[in-house]
Amino acid sequence: MSRSKTVQILLSVKNGGDYLRIFLESLKRQSYSDFSVLARDDGSEDRSEELLARYDFIRRHPSSGEALGVVKSYGLLLRDAPPGYLMFADQDDIWLPDKIAVAMKRIREAEETYKISTPLLLHSDLHVCDSSGERLADSLMQYQRLSPQRSTLPELIIQNHITGCTMIINEALRKIIRFPFPEAAICHDWYLALLASATGRVIFMNDCRIEYRKHNNNVFGPQQYSPGACLRMLKQGRNKLKHRLRLTQQQAAAFLQQYGDLLSGSDIELLTAWGEIDRQSKSEKIACCRKYHFRKNTWLRTLGMWWSL
């Protein structure tokens with residue numbers, strides 16, 4: 001398997017507005033020049049698609065303009081991307097000038113360590129800023145009290161801490177991705193993280209090379225962690241929390257169905273256990289969580305999960 005130097009950046013756009021222009025200008029300032037962007041407009045009602053056409057490093061996907069939703073949109077981009085390392089972008093972020101260069105250096109070092117044939121997904125931390133670009137936090141991981149070391153399959157089944165716009169994946173991982181993403185896939189980055197964890201390596205890069213913009217139109221916006229925030233979530237009611245867990249159970253079942261032939265016996269067992277956990281009594285559910293190490297990033301979140309099962 002040869003090692004390309006080319007990076008393909010996948011970008012799905014939906015009513016990008018002024019944020020999109022700022023992001024694209026940050027791409028123009030990248031120190032690493034061997035990249036191109038495959039973009040599709042997901043049914044915007046503003047001038048986003050017209051803006052994409054102004055940049056010569058952007059190639060638009062044939063389905064651009066059709067509204068599919070974020071998961072299906074990135075699924076099409078991923079399926080049809082040309083060869084090379086793959087990165088994923090959000091329309092409202094700002095990439096620091098060495099973002100691509102640092103990611104390429106790290107993934108090529110990882111391929112030296114783990115072999116080029118190993119499926120790899122590398123991701124990093126982010127700076128958090130508000131809609132005007134004012135810095136809110138130096139670290140998204142600290143802002144949300146997330147632990148990047150918790151990247152085993154049973155941990156990622158329960159809670160995702162991998163942000164798509166920080167990811168870079170290699171050809172070995174790309175080659176085993178199957179399409180389309182199932183309806184139960186919660187988000188493309190989470191689903192790819194499950195695949196990388198089960199078949200290869202998930203690696204955290206201790207770098208912040210993105211200004212991650214927090215605003216009212218985020219599809220999956222970051223919420224600051226605090227005990228008070230957890231208690232407010234608990235007050236939303238057990239049924240709402242249970243619904244969120246059920247979505248992860250459905251995603252696990254869909255992942256098992258799509259990739260079962262690539263998985264170890266132990267991974268099949270734990271995916272089955274989580275997908276079918278609702279069939280058990282309360283005490284059996286908690287015992288199952290302890291047996292397979294189903295846990296969230298903090299003890300308070302884990303207690304909330306046990307309560308809502």
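Anyway, here's the lowdown on the structure attached to this text. (Residues numbered from 1 in each chain as written. Predicted model: local features only at pLDDT ≥ 70, side-chain atom pairs only at ≥ 80, totals over all residues. Heavy atoms only, no water.)

### Details of the environment of Ala67
Step number 1: Summarising the element assignment, Ala67 is placed in the loop between β3 (58–60) and α3 (70–80).
Step number 2: Taking the C-alpha atoms as reference, Ala67 lies 4.2 Å from Gly43; in sequence the two are 24 residues apart.
Step number 3: The residues touching Ala67, leaving out its near neighbours within four places in the chain, are Lys14, Asp42 and Gly43. (Helix = DSSP H or I, 4+ residues; strand = E, 2+ residues; numbered from the N terminus. Contact = heavy atoms within 4.5 Å.)

### A short note on empty space enclosed by the protein
Step number 1: Under the defined criterion, the tally for this structure stands at 1 cavity of 30 Å³ or more.
Step number 2: Roughly 50 Å³ of volume is contained in the largest cavity.
Step number 3: Looking at the largest cavity, the residues that line it are Lys99, Val102, Ala103, Ser124, Thr166, Met205, Asp207, Cys208 and Arg209.
Step number 4: Only α4 (99–114) and β9 (201–213) provide two or more residues apiece to the lining of the largest cavity.
Step number 5: By residue number, the principal contributor to the lining of the largest cavity is β9, which donates 4 residues. (1 Å grid on protein atoms, 1.4 Å probe; cavity = no way out; pocket = protein on both sides within 12 Å on 5 of 7 lines; lining within 4 Å. Points joined across faces, edges and corners; volume = space filled by probe spheres on them.)

### Some remarks on the packing of helix α8 (residues 188–199) against helix α10 (residues 238–259)
Step number 1: Close contact between α8 and α10 brings their axes to 11 Å; oriented N to C, the two are set at 55°. Here α8 lies oblique to α10, going by the angle between them. By crossing handedness, the relation of α8 to α10 is classed as right-handed. Residue-level inspection shows Trp190, Tyr191, Leu194, Leu195 and Ala198 of α8 in contact with α10, the latter providing Thr248, Gln251, Ala254, Phe255, Gln258 and Tyr259.
Step number 2: Class assignment of the residues belonging to the contact of α8 with α10 gives a composition of 8 nonpolar, 3 polar and no charged. (Axes fitted to C-alpha atoms, helices over the stretch in contact; angles between N-to-C directions. Parallel < 35°, antiparallel > 145°, perpendicular 65-115°, else oblique. Left-handed = near helix turned anticlockwise from the far one by under 90°. Nonpolar A, V, L, I, M, F, W, Y, C, P; charged D, E, K, R; others polar.)

### Remarks on α3
Step number 1: Listing the buried residues of α3 in full gives Val71, Ser73, Tyr74, Gly75, Leu76, Leu77 and Leu78.
Step number 2: At its buried positions, α3 is contacted by β1 (7–13), β2 (35–41), β4 (85–89), β8 (168–169) and α8. (Buried < 20%, exposed > 50% of the residue type's maximum accessible area, 1.4 Å probe, protein only.)

### Focus: the packing of aromatic side chains
Step number 1: Under the criterion given, the structure shown has 11 aromatic pairs.
Step number 2: Ring centres 5.6 Å apart and planes at 75° place the aromatic pair Phe23 and Trp95 in the edge-to-face group. Of this pair, Phe23 sits in helix α1 (residues 17–28) while Trp95 sits in strand β5 (residues 94–95), placing them 72 residues apart in sequence.
Step number 3: Looking at Phe23, the relative accessible area reads 0%, which means it is buried.
Step number 4: Summarising the aromatic geometry, the rings of Tyr74 and Phe88 are spaced 6.3 Å apart at their centres and angled 55° between planes, so their arrangement reads as tilted. Here the residue Tyr74 occupies a position in helix α3, and Phe88 occupies one in strand β4, the gap between them amounting to 14 residues.
Step number 5: Judged by relative accessible area, which is 2%, Tyr74 ranks as buried.
Step number 6: What makes Phe88 buried here is its relative accessible area of 1%.
Step number 7: An aromatic cluster is present here, built from Phe179, Phe181, Tyr191, Phe255 and Tyr259 joined pairwise through their rings.
Step number 8: In this structure, Lys99 packs its charged tip against the face of Trp95, placed 4.6 Å from the ring centre. (Phe/Tyr/Trp six-rings, centres within 6.5 Å; stacked < 30°, edge-to-face > 60°. Lys NZ or Arg CZ within 6 Å of the ring centre and 35° of its normal.)

### With respect to unusual backbone geometry
Step number 1: For the bond from Phe179 to Pro180, the omega torsion is 0°, close enough to zero to count as cis.
Step number 2: Summarising the element assignment, Pro180 is placed in the loop between α7 (171–174) and α8.
Step number 3: In this structure, Lys115 is a non-glycine residue whose phi angle is positive, near 85°.
Step number 4: On the secondary structure map, Lys115 appears in the loop between α4 and β6 (120–129).
Step number 5: Here Lys115 falls in the exposed class, since its relative accessible area comes to 60%.
Step number 6: Even without glycine at this site, Arg145 takes up a positive phi of about 55°.
Step number 7: Tracing the sequence through the fold places Arg145 in the loop between α5 (140–143) and α6 (153–158).

### Remarks on the layout of surface pockets
Step number 1: Of the volumes computed, that of the second largest pocket is approximately 270 Å³.
Step number 2: The wall of the second largest pocket is formed by Leu68, Val71, Lys72, Gly75, Leu76, Arg79, Phe179, Pro180, Phe181, Pro182, Glu183 and Ala185.
Step number 3: The class makeup of the residues in the lining of the second largest pocket is 8 nonpolar, 1 polar and 3 charged.

### Some points on the side chain of Asp189
Step number 1: Along the chain, Asp189 turns up in helix α8.
Step number 2: Notably, Asp189 is buried but unbridged: the nearest opposite-charge side chain belongs to Lys99, and the N-O separation is 12 Å.
Step number 3: Not counting residues within four places of it along the chain, the set of residues in contact with Asp189 comprises Asn160, Ile162, Thr163, Gly164 and Met167. (Lys, Arg positive; Asp, Glu negative; His and termini not counted. Salt bridge = Lys/Arg side-chain N within 4 Å of Asp/Glu carboxyl O.)

### Brief notes about the side chain of His188
Step number 1: Considering the arrangement of structural elements, one finds His188 in helix α8.
Step number 2: Setting aside its immediate chain neighbours within four residues, His188 contacts Val70, Val71, Tyr74, Phe88 and Phe181.

### Overview of the environment of Ala193
Step number 1: Within the fold, Ala193 resides in helix α8.
Step number 2: Assessed through its relative accessible area of 0%, Ala193 is described here as buried.
Step number 3: Along the sequence, Ala193 and Thr152 sit 41 residues apart, while their C-alpha atoms lie 9.7 Å from each other.
Step number 4: The contact partners of Ala193, leaving out residues within four places of it in the chain, are Leu121, Leu156, Asn160, Ile162 and Val202.

Function cannot be read off these values alone, since they describe shape.
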